[in-house]
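# An overview of the molecular structure
These are the residues of each chain, in order.
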Amino acid sequence: MTVPRTKAIETPLLSEAEFIAGFHAIGEERYHHKHPFHLLMHEGKLTRGQLQAWALNRYFYQSRIPIKDAAILARSEDPVFRLAWRKRILDHDGDGTKPGGIEKWLKLVEAAGLSRDLALRGDGILPATRFAVQAYVDFVSTRSHLEAVASSLTELFSRKLIVLRMDGLREHYPWLSGGLDYFTGRLTQAPEDAEFALSWVVKHARTREEQDKAHAALSAKCDILWAQLDALYFAYVNPGWPPPGAFLPTKETA
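To start, this report covers the structure provided alongside it.

## Notes on the packing of helix H3 (residues 48-74) against helix H7 (residues 127-142)
Orientation of H3 relative to H7, taken along the N-to-C sense of each, is 10°, at an axis distance of 9 Å. Comparing their axes, H7 and H3 come out roughly parallel. Between H3 and H7, the contacting residues are Asn57, Phe60, Tyr61, Arg64, Ile67, Lys68, Ala71 and Ile72 on the first element and Thr129, Arg130, Val133, Tyr136, Val137, Val140 and Ser141 on the second. When the residues that make up the contact of H3 with H7 are grouped by side-chain class, the tally is nine nonpolar, three polar and three charged.

## Digging into the nonpolar core
Counting 76 residues, the largest nonpolar core has Trp54, Trp105, Phe183 and Val201 as the members making the most contacts within it. Among the elements that line this core, the one with the most residues is H3, at 12 residues. Excluding residues within four positions of it along the chain, Val201 makes contact with Phe19, Phe23, Leu146, Val149, Ala150, Leu153 and Ala214.

## Some remarks on unusual backbone geometry
Excluding glycine, most residues fall at negative phi; most peptide bonds, likewise, are trans. Look at the link from Asn238 to Pro239: it is a cis peptide, with omega at 10°. Along the chain, Pro239 turns up in the segment after helix H11 (208-236).

## Things to note about the environment of Leu90
If you trace the backbone, Leu90 turns up in helix H4 (residues 79-93). Of the residues examined, Leu90 reaches a relative accessible area of 47% and is grouped as partly exposed.

## Overview of the pattern of salt bridges
Pairing between side chains of opposite charge can happen when their charged atoms approach one another. Scanning all chains against the criterion turns up 16 salt bridges. Between Asp223 and Arg30 there is a salt bridge whose closest N-O contact spans 2.7 Å. With Asp223 in helix H11 and Arg30 in helix H1 (residues 16-30), the pair connects residues that are 193 residues apart, well separated along the chain. By relative accessible area, Asp223 is classed as partly exposed at 39%. With its nearest N and O atoms 2.6 Å apart, the salt bridge here joins Glu103 to Arg116. Taken together, the residues span a long stretch of sequence, with Glu103 in helix H5 (residues 101-111) and Arg116 in helix H6 (residues 116-121) at a distance of 13 residues. One network of salt bridges, with partners in common, ties together Lys87, Arg88, Asp91, Glu155, Arg186, Glu192 and Asp193.

What counts, and at which threshold
Residues numbered from 1 in each chain as written. Predicted model: local features only at pLDDT ≥ 70, side-chain atom pairs only at ≥ 80, totals over all residues. Heavy atoms only, no water. Axes fitted to C-alpha atoms, helices over the stretch in contact; angles between N-to-C directions. Helix = DSSP H or I, 4+ residues; strand = E, 2+ residues; numbered from the N terminus. Parallel < 35°, antiparallel > 145°, perpendicular 65-115°, else oblique. Contact = heavy atoms within 4.5 Å. Nonpolar A, V, L, I, M, F, W, Y, C, P; charged D, E, K, R; others polar. Core = buried A, V, L, I, M, F, W, Y, C linked by side-chain atoms within 4.5 Å. Buried < 20%, exposed > 50% of the residue type's maximum accessible area, 1.4 Å probe, protein only. Salt bridge = Lys/Arg side-chain N within 4 Å of Asp/Glu carboxyl O.

Below, the structure is given as structure tokens:
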């Protein structure tokens, strides 16, 4: 007796509200605002040396953001998209008349007590930082254009973290106050970028499979951010085992 085949049940498309809510749910659960390293930072419990390690390693991430955005830009045949997206590169590289985010982060490195040359050379960067950051560049270069854009949606949550971080740094680490211009700029840039990216993803995720891939892309980006803080925590907080070649705080700052 031949058993009749049953038709596969297709997962229904999420409504726009459900699709957007999914991104916010991912952010609430997985964004790095809950990481123990950030919690210690906001509570004023990090040493100067630990903050120096954070500023230095985070610079490596900042330096690759325009490269990541250029990879996304190069994949689009839509001039409207390219016009909107290239703003991100200017925001970080600068436009020749005013400093961009990378230069502003170098000011933070200097405010922390390290030289900009150290950051520019990439000396002392944790191996795990390099792997995580390169994983992000590889992700946006090899996955679908939709997934690449969706991975940027951590910016939906960054403004709240930036406000919290700026308040905490000013209160607990006043010697860093001269290097916070990067965060001031991102208070307006990040929401603008997130609004465009979210609108674009909602418009171009036309199937449930594409919606699910967009959600997964955001989760992957959250994992990459979390992994960078894992590396910092392991190397400089607990157990405090920086690998060979990594930045070592001085006895005065440890």
